[in-house]
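# Close look at the chain arrangement
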Amino acid sequence: WIQTDGYKRKLGPTKSGRSRTVPLDKDFISAVQGQMVKKMQSDFLFTNSAGKPLEYAWIRKNVFNPAVAAAGLEGVSPHSLRHTYASLLLDKGAPIPVVSRLLGHASPATTMSIYAHAIRHADVQWVSDVTLEVTNEAKLLSPFQILAPE
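Report follows, based on the coordinates.

## Structural notes on the overall build of the protein
Looking only at helices and strands, the protein features seven helices and two strands. Ordered by position from N to C terminus, the α and β elements of the protein give β-β-α-α-α-α-α-α-α. Counting the 150 residues in the protein, one finds 14% classified as buried. The long-range share in the protein, meaning contacts at least 24 apart out of those at least 6 apart in sequence, stands at 31%. Just so you have it, the protein exposes about 11,700 Å², and 62% of that area is on carbon and sulfur atoms.

## So, the layout of surface pockets
What the second largest pocket holds in volume is close to 220 Å³. Per element, the largest residue contribution to the lining of the second largest pocket is four residues, and it comes from helix α4 (residues 96–103). By residue class, the composition of the lining of the second largest pocket is four nonpolar, eight polar and three charged.

## Description of a nonpolar patch on the surface
A surface patch of nonpolar side chains, about 380 Å² in accessible area, is lined by V22, L24, F28 and F46. Looking at where F46 falls in the secondary structure, it is placed in the loop between α1 (26–38) and α2 (56–70).

## Focus on the nonpolar core
Judged by nonpolar contacts, A86, L90, A94, I96, V99, L103, Y115, A118 and I119 together constitute the single largest core of nine residues. Ranked by residue count, the leading element in this core is α4, at three residues. Residues contacting I96, with those up to four places away along its chain left out, are L90, P108, T111, M112 and I119.

## A short note on the environment of K15
Counting through the fold element by element, K15 comes out in the loop between β2 (8–10) and α1. For K15, a relative accessible area of 90% puts it in the exposed group. Through-space distance from the C-alpha of K15 to that of G104 is 8.7 Å; in sequence the pair is 89 residues apart.

Conventions adopted
- Residues numbered from 1 in each chain as written.
- Predicted model: local features only at pLDDT ≥ 70, side-chain atom pairs only at ≥ 80, totals over all residues.
- Heavy atoms only, no water.
- Helix = DSSP H or I, 4+ residues; strand = E, 2+ residues; numbered from the N terminus.
- Buried < 20%, exposed > 50% of the residue type's maximum accessible area, 1.4 Å probe, protein only.
- Contact = heavy atoms within 4.5 Å.
- Areas by Shrake-Rupley, 256 points an atom, 1.4 Å probe, with all protein chains shown as cover.
- 1 Å grid on protein atoms, 1.4 Å probe; cavity = no way out; pocket = protein on both sides within 12 Å on 5 of 7 lines; lining within 4 Å.
- Points joined across faces, edges and corners; volume = space filled by probe spheres on them.
- Nonpolar A, V, L, I, M, F, W, Y, C, P; charged D, E, K, R; others polar.
- Patch = residues over 30% accessible without salt bridge, like charges linked within 9 Å, V, L, I, M, F, W, Y side chains within 5 Å.
- Salt bridge = Lys/Arg side-chain N within 4 Å of Asp/Glu carboxyl O.
- Core = buried A, V, L, I, M, F, W, Y, C linked by side-chain atoms within 4.5 Å.

In C-alpha cells:
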C-alpha cells in the first residue's frame, strides 16, 4: 500500500520499490483454504463485494479496531503489531538478516538500529540457554572427566 493523500491509501509498490514475499504459517493457510479456492480468479485473497482489494481504512474500522477492543487492549495499531512481530522473532533467536528481509528493511543495519533492545534481551537468553546446556552436560560427567578432558 502507498499513501496518496492524508490517510487514503492505494495498492502500490513497497517503499523500497522491491517486491516482498511473506511466509504464511500452516495454521493460517488451513484457516483460509476455502477462501483461497473461491478467489482463484483474483490476485487478492480478501476483497470487497466488487472483487477489489479491501481498503486500509475499512479493515482498520471494521476488523482491526473491533478485534483490539474485544481483546481489551488499548493503544494497539497495525504498526505496533509489526514491532511486536519483529521483537518476538529476535527474542526467539531469528537471525537479523532474516528479520530484516521479513520486515522489508533496506538493510540489516536498519533492523539493528530499531530493535537493539530486543537483541540485547536475546543475548541474555542465549547466555542462559548455553549455561543451562553446559551445566546439564557437566552433570553427566564425573569430576575426573571435567578436570581431565580427553
